[in-house]
Amino acid sequence: MSESSGADESLAQRLVRARAACLNDMEVYFLDDPCTLRAPLNPRNEAASLSILLEDQAKKSTEGEGISEEVMECLHNYEQMIDSSTAICGVKSFGKDSAEGELRKWCLDKGASMSLCPATFTSSSGGLVRGLMAENDLEPGECVISIKEDMLISTQTATTSDLGMALDAMGVKDDGQKAVIWTMVDRVDKDSEHTPFWGALPNNIESGLSYDDEDLEMLKGTPAFDELKCAKEHIRESYAAIVDLLNALVATYPEDLTSEQFSWESYLWATQLWYAYAMEVEFLDGEIRSCLVPYATLMNHSIYPHVVQYGKIDLATKSLRLRNFRRCKRAEECFLSYGPLPNIKLLVYYGFAIRSNPYDVLEIDLPDVDIRDRRHKMQEEIIQELGIGKSHFVRAGPIPQKLLCFAMVSVAEITELQIIRKTGQVSIQKSLEKRALEMLLTVLKNQKCPAPLRKTDGKSRREFIEVYREGCQHILDCSLKDVLHRIDGCK
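The model shown is predicted, which means the values in this text are computed figures rather than measured ones.

## Here's the deal with the sheet that holds strand β8 (residues 288-292)
And step 1. The 3 strands are arranged β6-β8-β7 in an open sheet whose pairing can be described as antiparallel. Of all the strands in the sheet, just β6 (153-154) and β7 (279-282) have a single pairing partner and so form its edges.
And step 2. Strand direction decides the pairing type here: β7 and β8, joined by 4 bridges, are antiparallel. Within the sheet, the bridge partner assigned to Val 281 lies in β8 and is Arg 289.
And step 3. Strand contacts of helix α12 (residues 264-277): β6, β7 and β8, with the helix running at about 115° to β8, the strand carrying the most contacts.

## Section: the packing of aromatic side chains
And step 1. As enumerated under the stated definition, the model contains 12 aromatic pairs in all.
And step 2. With a centroid separation of 5.1 Å and an interplanar angle of 45°, the aromatic rings of Tyr 239 and Tyr 267 are classed as tilted. With Tyr 239 in helix α11 (residues 223-252) and Tyr 267 in helix α12, the pair connects residues that are 28 residues apart, well separated along the chain. For the pair Tyr 239 and Tyr 267, a shared accessibility class is recorded, and that class is buried.
And step 3. For the ring pair Phe 352 and Phe 464, a centre distance of 6.3 Å and an interplane angle of 65° mean the geometry is edge-to-face. In this pair, Phe 352 sits in the loop between α13 (343-349) and β11 (362-363) while Phe 464 sits in helix α18 (residues 460-489), placing the two residues 112 residues apart along the sequence.
And step 4. Three or more aromatic residues joined by ring pairs make a cluster, and in this case those are Tyr 338, Tyr 350, Phe 352 and Phe 464.
And step 5. Positioned above the aromatic ring of Trp 269, the side-chain terminus of Arg 187 is 3.6 Å from the ring centre.
And step 6. A cation over an aromatic ring shows up here: Arg 289 above the ring of Phe 283, its NZ or CZ 4.3 Å from the ring centre.

## Here we look at α12
And step 1. Taking 1.5 Å of rise per residue, the 14 residues of α12 would be expected to cover 20 Å, and the 20 Å separating its terminal C-alpha atoms lies within 8% of that figure.
And step 2. By the burial criterion, the buried members of α12 are Trp 264, Ser 266, Tyr 267, Leu 268, Trp 269, Ala 270, Thr 271, Gln 272, Leu 273, Trp 274, Ala 276 and Tyr 277.

## Observations concerning unusual backbone geometry
And step 1. You will see that Tyr 295, though not glycine, has its phi angle at about 75°, which is positive.
And step 2. Its location among the elements puts Tyr 295 in the loop between β8 and β9 (313-314).
And step 3. A relative accessible area of 0% places Tyr 295 in the buried class.
And step 4. Positive phi outside glycine occurs at Lys 318, with the angle close to 50°.
And step 5. For Lys 318, the location among the structural elements is in the loop between β9 and β10 (319-323).
And step 6. In this structure Lys 318 comes out as partly exposed when scored by relative accessible area, which is 45%.

## Quick word on the confidence of the model for the protein chain
And step 1. Per-chain confidence: the protein chain averages 89 in pLDDT, with 92% of residues scoring 70 or above.
And step 2. Scored below 50 in pLDDT, residues 2-6 shows 3 contacts in the model against residues more than four places distant or in partner chains.

The rules behind each value
Residues numbered from 1 in each chain as written. Predicted model: local features only at pLDDT ≥ 70, side-chain atom pairs only at ≥ 80, totals over all residues. Heavy atoms only, no water. Pairing = 2+ DSSP bridges. Helix = DSSP H or I, 4+ residues; strand = E, 2+ residues; numbered from the N terminus. Contact = heavy atoms within 4.5 Å. Axes fitted to C-alpha atoms, helices over the stretch in contact; angles between N-to-C directions. Phe/Tyr/Trp six-rings, centres within 6.5 Å; stacked < 30°, edge-to-face > 60°. Buried < 20%, exposed > 50% of the residue type's maximum accessible area, 1.4 Å probe, protein only. Lys NZ or Arg CZ within 6 Å of the ring centre and 35° of its normal. Expected span 1.5 Å × (residues − 1). pLDDT = per-residue confidence, 0-100.

What follows is the structure in structure tokens.
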């Protein structure tokens, strides 16, 4: 929020402005009426907005002021939104001699600080998962993890290393590719300063990118199948493009490197690591870099997180400081937000899906506009002029206004298009709206989404596939219901 905001601005006004500042592209797409921001939009946006208010309060606290009663009331209201069942208590903490304990000690020795300890928790499916647990009751605004800037493993860490410069000389220019290759080497280097970090990471990263053919078969007919297929092919092609280079490295440095380090399995592991664990961090020089953040990688994602705003190095401490914006009781798991991600992204790049995910969306397969005749050319021009866009989505709720506008332009005749162009807006005429809705009805009925499986083999990843499929079907059901209701209203 801008420091130029008036001192007499009410908390309600500051909160609305914070909500607007925290909107992402998808939230803007679904925001049909700006007045919606007078109330909480969704858990993530509200969490980020309240975090901004807490940051403002933190600046005032240096002048002797604490968190105001008004802000505390907003935080209390947010906590009332949360299902109490989302609070998960730790089953067992890790000992000092465990990989997690060694990582904690290494971080502390390097100047990090934390009020969270590694522990196991019972997942929604009944299994055990690893996460970070509050050692004591944590109040809003407390720093739960502080990691020194020089501890962050960024793409620059890889590109400025001896290996990174050697790769550059050998023609590898992509920083992401350099980071993956560097990770493959440093992970098994006995002299690596990051050994405790590598040791606390899972040997198998269970994202969708590691799914076998049987898993993929369960996704056939869904958008996730297409995205996974493309992503896996891209990774395969990226690996194939550097195999000769990796072999040359082994031949050049036979005492330091082995072919096993550069296997397909090792490459896939490192690629998944950067996809699933990297955070975007703004450094003091203003550059934003992808980073692996030691210790913070142990935190799990939640739609009701404790930590949301964490992507900027603090000038005073030269550290990445993760602050919780809401209370976390002793022994409860402290959650991070990976962002307002739909289940397709969570499944493909993180390996899980969330039932009733409020950020879940489905991209709609709309017919292309053929610009070979005058009518279609005018439709194309109007779509561009009005900024309607060609990529459209639905979620579990009313169809968005932008999608309806696109459909109306798509079915409009020349005379109707001339009126739209003259007025600069898509007029809501019942006859035009009905034709647009009927087009959307056909599109939605043809949308890829097979019925949920209902039965799985008990493996967690296949349970997540089922959750994803159920979510797709729920979104389509809600959208179809809304379109049918609107068609009835046009009669």
